[in-house]
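This is what each chain is made of:
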Amino acid sequence: MPLRALLGEKELVSIDLPPDTFESLRGQPDLRMACCETSAVPKRSVLGLPFFAHAKAGECSSAPETAFHLQGKAIMLRAARAAEWDAWVEVSGKTPSGERWRADVLCIHGKKRVAFELQHSGITLATLAARQARYRASHVRCFWFMSTHERRLAQAQPWQHDTPALYMNDKHHVPALDLSLGQTVEAALGGHLALFPRAGHVVQLTIIAQESACYSRACRGQSGVLEAVVVSPPGLPELAVVVPGTTAGLAAWIESVLPQSDSGNMRRFTEWPTNDFRSYHCPGCGRIGLMPRFKPKLDGWRREAERSGSGQPDVRWAFTWPKGRIVTVNQVLADEQHAWLVQYVGQRWILRSLLE
């Protein structure tokens, strides 16, 4: 359901035309589709949105669009213009190597070029990354709205900086930000969205660990066997990024971030054991310790992660494990600490105002 058509040499956008002008196009012999230049017919969706259709089925190789996609393009176009950007729908382009792309909405402000894509059908993340690479090669920043991968997009992802993507429901609402599609487009173009966590900003760290004393007489060290680390903006746990305790390198990372004065008895940490015996090495002397009684908790965590398809369980699981020791501290992430977190866990989009 394209919004663009050609009348002679003039390009028309259906939602820009007054109702009587749009209706007057019916029967125009020179009205052609912009995608393939075959004959076009003015029509309206069930919601009354004007669009152009091919006069005959099968005359174009372009994939058919749904009313949901049509309405979404109209919303994004109007929002971009409301944000005072120049914007067009259904814009085609090529990379320097000749690969084609076609943006649902392309926005230009000075030297900045931003595309918005609405992906209603299923798509693999590998395909998404490949399509994003075409925009990047053309110096276009593309933001994706997807009606699939809901659970995955609710979690932090390492690729969000390179391929910004948010889940959008069938009402054109973006739950992660609690904004409508139009409001999200305006926020993105206005610089009001940010990736969390960010280097140099204060985060609230909630370290959930099981205290364990080494049985060796020569050591007797008190360690924290990490169940999870929850990273959130201060006072906003609902926006948390969860790091499972099984993440390789987590113990060294949390020791570098957490001030020793705030760690209580847990001066040293170790990751949660992943072997069948739930054994771990004491970080003080290297002796083997066991955590067998917590196996059901870890198994539940893993099952939740597998169901989500993201490799990360829902943040709410972290707060149902109060039996271990919980340490909460506000801390600024250094560049290298932030880089580790992004590489192994990722980031999520939030409103920039929540970080200020």
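Description of the structure in this document. Computed from a predicted structure; not experimentally measured. (Residues numbered from 1 in each chain as written. Predicted model: local features only at pLDDT ≥ 70, side-chain atom pairs only at ≥ 80, totals over all residues. Heavy atoms only, no water.)

Here the focus is the overall build of the chain. When you go through the chain residue by residue, the secondary structure sums to nine helices and 21 strands. Look at the contacts in the chain between residues 6 or more apart in sequence, and 59% of them connect residues 24 or more apart. For the chain, the exposed area adds up to about 17,200 Å²; of that, 51% sits on carbon and sulfur atoms. (Helix = DSSP H or I, 4+ residues; strand = E, 2+ residues; numbered from the N terminus. Contact = heavy atoms within 4.5 Å. Areas by Shrake-Rupley, 256 points an atom, 1.4 Å probe, with all protein chains shown as cover.)

Looking now at the side chain of Thr 270. Structurally, the position occupied by Thr 270 is in strand E17 (residues 268-270). When near neighbours in sequence (up to four residues on either side) are disregarded, Thr 270 contacts Gly 224, Val 225, Leu 226, Ala 251, Tyr 280, His 281 and Pro 283.

Now for the sheet that holds strand E6 (residues 86-94). Taking strand neighbours across the sheet as the criterion, the five strands line up as E6-E7-E8-E9-E10 in an open arrangement whose pairing is mixed. The open sheet has two edge strands, E6 and strand E10 (165-167), and neither has a second partner. Each neighbouring strand pair of the sheet contributes to a mean axis angle of 30°, computed without reference to strand direction. Here strand E9 (residues 141-146) pairs with E10 via three bridges, running parallel. From the neighbouring strand, Phe 145 faces E10, where its bridge partner is Leu 166. (Pairing = 2+ DSSP bridges. Axes fitted to C-alpha atoms, helices over the stretch in contact; angles between N-to-C directions.)

The α-helix advances 3.6 residues per turn, and as a result positions three or four apart in sequence lie on the same side. Taken together, the buried positions of helix H5 (residues 181-189) are Leu 181, Gly 182, Thr 184, Val 185, Ala 187 and Leu 189. Where H5 ends, the next residue or the one after it, Gly 191, has phi of about 75°, a positive value. (Buried < 20%, exposed > 50% of the residue type's maximum accessible area, 1.4 Å probe, protein only.)

Under the criterion given, the structure shown has seven salt bridges. In this structure, Arg 4 and Glu 11 form a salt bridge, with 2.8 Å as the shortest nitrogen-oxygen distance. Taking the relative accessible area as the measure of exposure, Arg 4 reaches 15% and is therefore buried. By relative accessible area, which is 41% here, Glu 11 ends up partly exposed. Residue Glu 23 pairs with Arg 26 through a salt bridge whose shortest N-O separation is 2.7 Å. (Salt bridge = Lys/Arg side-chain N within 4 Å of Asp/Glu carboxyl O.)

What follows concerns the packing of helix H6 (residues 250-257) against helix H9 (residues 335-344). Helix-helix packing is characterised by the crossing angle of the two axes and by the distance between the axes. The geometry of H6 relative to H9 is characterised by a closest axis approach of 10 Å and an angle of 150° between their N-to-C directions. Judged by the angle between their axes, H6 and H9 are roughly antiparallel. As for how H6 packs across H9, the hand of that crossing is left-handed. Between H6 and H9, the contacting residues are Leu 250, Trp 253, Ser 256 and Val 257 on the first element and Gln 337, Trp 340 and Leu 341 on the second. Here the residues of the contact of H6 with H9 sort into five nonpolar, two polar and no charged. (Parallel < 35°, antiparallel > 145°, perpendicular 65-115°, else oblique. Left-handed = near helix turned anticlockwise from the far one by under 90°. Nonpolar A, V, L, I, M, F, W, Y, C, P; charged D, E, K, R; others polar.)

Moving on: the side chain of Gln 160. Counting through the fold element by element, Gln 160 comes out in the loop between helix H4 (150-153) and E10. Polar side-chain contacts of Gln 160 include one of 2.9 Å to the backbone oxygen of Ala 165. In this structure Gln 160 touches Leu 153, Ala 165, Leu 195, Gln 347 and Trp 349, once residues within four positions along its chain are discounted. (Polar contact = N/O pair within 3.5 Å; in protein donor to acceptor, adjacent residues only side chain to side chain.)

In this section: the sheet that holds strand E3 (residues 31-33). With antiparallel pairing, the three strands of this open sheet are ordered in space as E2-E1-E3. The open sheet terminates on both sides in strands that have one partner only, identified here as strand E2 (10-13) and E3. On average, each strand axis in the sheet is tilted by 35° relative to the strand beside it, whichever way the strands run.

Take Glu 150: it is sitting in helix H4. In sequence terms Glu 150 and Leu 166 are 16 residues apart; their C-alpha atoms lie 8.4 Å from each other.

Scanning all chains against the criterion turns up nine aromatic pairs. Ring pairs connect the aromatic residues Phe 116, Phe 143, Phe 145 and Trp 349, which therefore count as one cluster. (Phe/Tyr/Trp six-rings, centres within 6.5 Å; stacked < 30°, edge-to-face > 60°.)

Moving on, we get to the pairing of E2. Pairing of strand E1 (residues 4-7) with E2, which is carried by four bridges, proceeds in the antiparallel orientation. Counterpart to Arg 4 in the pairing with E2 is Val 13. Remark: two residues form the turn of the hairpin made by E1 and E2, two consecutive strands paired antiparallel; Gly 8 in that turn has positive phi of roughly 65°.

The next point concerns the packing of helix H2 (residues 67-82) against H5. Look at H2 against H5: their axes get within 8 Å of each other, and the N-to-C directions meet at 40°. By the angle between their directions, the pair H2 and H5 is classed as oblique. When the axes of H2 and H5 are compared, the crossing they make is right-handed. Contacts between H2 and H5 involve Gly 72, Ile 75, Met 76, Ala 79, Ala 80 and Ala 82 from the first element and Leu 181, Gly 182, Val 185, Glu 186 and Leu 189 from the second. The residue makeup of the contact of H2 with H5, split by class, is eight nonpolar, two polar and one charged.

Positionally, Ala 154 belongs in the loop between H4 and E10. Residues Ala 154 and Trp 349, spaced 195 residues apart in sequence, show a C-alpha to C-alpha distance of 9.5 Å.

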